[in-house]
Amino acid sequence: MKRGKKLLLALACGALLLVSWGVAITAKSDSQKQAELIQQSQAYLEDEVYIRCVPLLEEAVGYSGKHTEQAETLLKQVYTQLFEQSGYRSKYTDLLERQMARKNPDPEVFREAAEYYLSVAEESTALEILRDGIARTESQDLVDLYEANRYLFKLERSTYHDVTAIVNGTIQVKLDGKWGLADATGSLLIPCQYDKISTCWNGETIVMQNGLITAVDQNNNRLAKLHEQASDFGNYAEDRVPLKMEDGWHRANGEFQIGSAAFEEMGMYSNGYAPAKSEGKWGVVDTGNDWLIPPEYDQIIQDELGRCYAQQAVFVRQGDEVLLLVDGKQVGEPYQDARPFADGYAAVERDGKWGFIDTQGNVQIDFRFDDALSFGQHLAAVKSGDLWGYVSLSGELVIEPTFLQAKSFSQGSAPVLTADGWQFITLLEYEKGLSL
């Protein structure tokens, strides 16, 4: 009896072993399954029967085999043939997202995705993808594609009769003879209701209405009122605003506490310093009224807001010459004219043409423009003939001269004068708040 049971058990084990061997022999690997599915889809692809390829290739990419990349490539090709049908564009972009999210993604996937979004006029998404691809793969091809498209822009709808330069994300704008404050894209923050308005600093700006000077926030709520007599004021920065009193220009803070020192003229503070005129000569003062540059020059070169000092450098005019002073010492040769430094370079004029130099006086962009402004966000407004465009730090003209006037970029936007008035262009790479 015992012997019979042992025999039955041995037979059962043998049968089980035979079944296991059979399963092992007949089981297919993921790679084999993928290969068969791809082979089945090929016949449909040749006949352009794309809809029947979809389930085969979608099953193939669901396996973890060595043919995954081939199956994904074919599946993307099929999806693109079915774009006009609902849902296939999203299937295509979802597959791209999965490929880009992998640990070691292929740079070509980022290129494919970027080119797709460029083709459907979603440039900001394409630029975002390229930035991510560059950061993760360091691909020079992606850098080249990014550089070729990063200066695409859109023209905002807001239009004004006059504007200044953008600073601290805001800009003074004029409409129907009155001034207000807008953001960098031209959207109004403070209505155009004032006779004069200053730049904004720390959410506060100085305004004048019917001779009354007050401070307001960006919701146009009054924060302070000037009780002394002042006929004018300058731009507000670093909690300093110049006020024109009866005996000259004084600096005051946002609460209108007025300093004792008086100047014949005064500009806007930048990096702790402001241009000031005393006894007929110009110099540069700090916030404590000490002279960084003694008042012995005919002029301190300022931008349109009244700023003069950046990167320890300032331009001064003496007679017919404009000199570059760095740490108070002359650097380089004299120029005919100049703009204050920004983004490492300064625009200077020589022999009637404008180019750009660094703080050592070295020429970085040749003298070939009819006019130029300071850089802002790696772009500078330049004039060629009668029109303005923008040049990059490499000296390449990346936005063609098509505007009647142009100003510097800030936060991805710049004011430009068109036939309709002052409008704003915004680089598409800033639409999602990101840039490289």
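My aim in this report is to walk through the structure given alongside it, one point at a time. Residue numbers restart at each chain and count upward from 1, following the sequence in its written direction. It should be noted that, the model being predicted, local features are given only for residues of pLDDT at least 70 and side-chain atom pairs only at 80 or more, the latter also being counted only at that level, while totals for whole chains, interfaces and linings use all residues. In computing side-chain values, all of the structure's heavy atoms are included and hydrogens and water are not.

**Quick word on the environment of Gln-81**
Applied cut-off: In DSSP terms, a helix is any run of H or I states spanning at least four residues, a strand is any run of E spanning at least two, and both are numbered starting from the N terminus.
With respect to the element layout, Gln-81 can be found in helix α4 (residues 68-81). In this structure, the C-alpha to C-alpha distance between Gln-81 and Ser-41, residues 40 residues apart in sequence, is 14 Å.

**Thoughts on helix α8 (residues 140-149)**
Residues three or four positions apart in an α-helix share a direction because the helix packs 3.6 residues into each turn. Going by this rule: Only protein chains enter the accessibility calculation, which uses a 1.4 Å probe. A residue is then buried if its area is under 20% of the maximum for its type, exposed if over 50%, and partly exposed in between. The directions from the helix axis to the C-beta atoms are what the arc is built from. By the convention used here, residues are in contact when the closest approach between their heavy atoms is within 4.5 Å. Here a polar contact is taken to be a pair of N or O atoms separated by no more than 3.5 Å, where protein atoms must pair a possible hydrogen donor with a possible acceptor and residues adjacent in sequence count only if both atoms sit in side chains.
Among the residues making up α8, those that are buried are Leu-142, Leu-145, Tyr-146 and Asn-149. One side of α8 holds all its buried residues, which, seen down the axis, span an arc of 100°. Turned more than 90 degrees off the buried face of α8, the exposed positions are Gln-140 and Ala-148. The inward-facing, buried residues of α8 contact α6 (107-119) and α7 (123-137). Measuring from the backbone nitrogen of Asp-141 back to the side-chain oxygen at the start of α8 gives 3.3 Å, which picks out Ser-139 as the cap.

**Notes on the packing of α4 against helix α5 (residues 88-100)**
Using the following cut-off: Lines fitted to the C-alpha atoms define the axes, with helices restricted to the stretch that makes contact. Angles between their N-to-C directions range from 0 to 180 degrees. Reported orientations rely on four angle classes, namely roughly parallel under 35 degrees, roughly antiparallel over 145, roughly perpendicular from 65 to 115, and oblique for the rest. Two helices that cross are described as forming a left-handed crossing if the nearer one is turned anticlockwise from the farther one by less than a right angle, and a right-handed crossing if clockwise. Residue polarity is assigned by list, with Asp, Glu, Lys and Arg as charged and Ala, Val, Leu, Ile, Met, Phe, Trp, Tyr, Cys and Pro as nonpolar; anything else, Gly included, falls into the polar class.
Interaxial distance between α4 and α5 falls to 9 Å at its minimum, and their mutual angle equals 155°. Here α4 is positioned roughly antiparallel relative to α5, judged by the angle of their axes. Pair α4 / α5 crosses with left-handed handedness. Residue-level contacts link Glu-72, Leu-75, Lys-76, Tyr-79 and Thr-80 of α4 to Tyr-88, Lys-91, Tyr-92, Leu-95, Leu-96 and Gln-99 of α5. For the contact of α4 with α5, the class distribution of residues is six nonpolar, two polar and three charged.

**Topic: the sheet that holds strand β18 (residues 313-318)**
By way of backbone hydrogen bonds, the strands of a sheet pair with one another, either parallel or antiparallel. Rule in force here: Any two strands with at least two DSSP-identified bridges between them are counted as paired.
The strand order across the open sheet formed by four strands is β17-β18-β19-β20, and the pairing between neighbours is antiparallel. Where the open sheet ends on each side, the last strands, each with one partner, are β17 (299-300) and β20 (329-335). Summarising the sheet, strand β19 (residues 321-326) and β20 pair through four bridges and their orientation is antiparallel. Looking at β20, one finds that Val-322 is bridged to Tyr-335.

**Quick word on the sheet that holds strand β6 (residues 196-201)**
Spatial ordering of the open sheet is given by β6-β7-β8-β9, a layout of four strands whose pairing is antiparallel. The two strands at the open ends of the sheet, each matched to only one other strand, are β6 and β9 (222-225). Strand-to-strand twist across the sheet, computed as the mean angle between neighbouring axes with direction ignored, equals 25°. Relative to strand β7 (residues 204-209), β6 is paired through four bridges, and the arrangement is antiparallel. Looking at β7, one finds that Cys-200 is bridged to Thr-205.

**Things to note about α4**
Note the cut-off: Multiplying 1.5 Å by the residue count of a helix minus one yields the expected span of that helix.
Helix length check: α4 (14 residues) gives 20 Å between terminal C-alpha atoms against 20 Å at 1.5 Å per residue, within 8%. Those residues of α4 that fall on the buried side of the exposure criterion are Thr-68, Ala-71, Glu-72, Leu-74, Leu-75, Lys-76, Val-78 and Tyr-79. Each element contacted by the buried residues of α4 is listed here: α2 (30-46), α3 (50-61), α5 and α6.

**Some words on unusual backbone geometry**
With a phi close to 55°, Asn-210 is a non-glycine residue in the positive phi region. Note on Asn-210: relative accessible area 72%, which makes it exposed.

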